[in-house]
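Here's the letter readout for the chains.
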Amino acid sequence: MAEKSHEGLKWIMRAGYGARGLIYTTVGALAFAAALNSNEASGTKDALATLRAQPWGVTALWIIGFGLFAYMIWRIVAGAADVEDHGTDGKGLIARAGQVVTGVLHGIIGVSVLSLAMGAAMQAPVVPQRIGRKS
């Protein structure tokens, strides 16, 4: 971010990278814990399912999903505005396209995580409530 014109984008960059770091740390820790406590192989999907089963898991999934969208926005903005000064030659355009592609891929993962969160929300038990008194 060499140019002053990109100073306003620093908060997007920091939010995107921070969200990505938090997401990978959380999923990695959960996958590691699952591997220690299980004889079966586990990965990201199992880690997210484990997270969803926790009392705070659905909220965490929402945060992770939106964090992935923040990272997606950052990568697309970085590629479009050439925030990292890759340039407009062939090599620079390929690098910038790569930034956009990685952003879109993280957005797709975000959709998957949010779908998992929404599925958990829709599977929540419905407690019947009495609306009026019947005599």
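Predicted, not measured: the structure shown is a model, and the values here were computed from it.

(A) Region of interest: the pattern of salt bridges. Inspection of every chain in the model, using the stated rule, returns two salt bridges. Here E84 and R75 are joined by a salt bridge, their closest N and O atoms 3.2 Å apart. According to the relative accessible area criterion, E84 is partly exposed, its value standing at 30%. Between R96 and D82 there is a salt bridge, and its shortest N-O distance comes to 4.0 Å. With R96 in helix α4 (residues 90-122) and D82 in the loop between α3 (57-81) and α4, this pair connects stretches of sequence that are 14 residues apart. An identical accessibility class is assigned to R96 and D82; each is buried.

(B) Up close: the confidence of the model for the protein chain. Across the protein chain, the average pLDDT comes to 79, with 78% of residues at or above 70. Across the protein chain, α4 holds the top mean pLDDT of 90, while helix α2 (residues 44-52) sits lowest at 78. Of the regions scoring below 50 in pLDDT, residues 125-135 engages in zero contacts with residues more than four places distant in sequence or in other chains.

Parameters at a glance
Residues numbered from 1 in each chain as written. Predicted model: local features only at pLDDT ≥ 70, side-chain atom pairs only at ≥ 80, totals over all residues. Heavy atoms only, no water. Salt bridge = Lys/Arg side-chain N within 4 Å of Asp/Glu carboxyl O. Buried < 20%, exposed > 50% of the residue type's maximum accessible area, 1.4 Å probe, protein only. Helix = DSSP H or I, 4+ residues; strand = E, 2+ residues; numbered from the N terminus. pLDDT = per-residue confidence, 0-100. Contact = heavy atoms within 4.5 Å.

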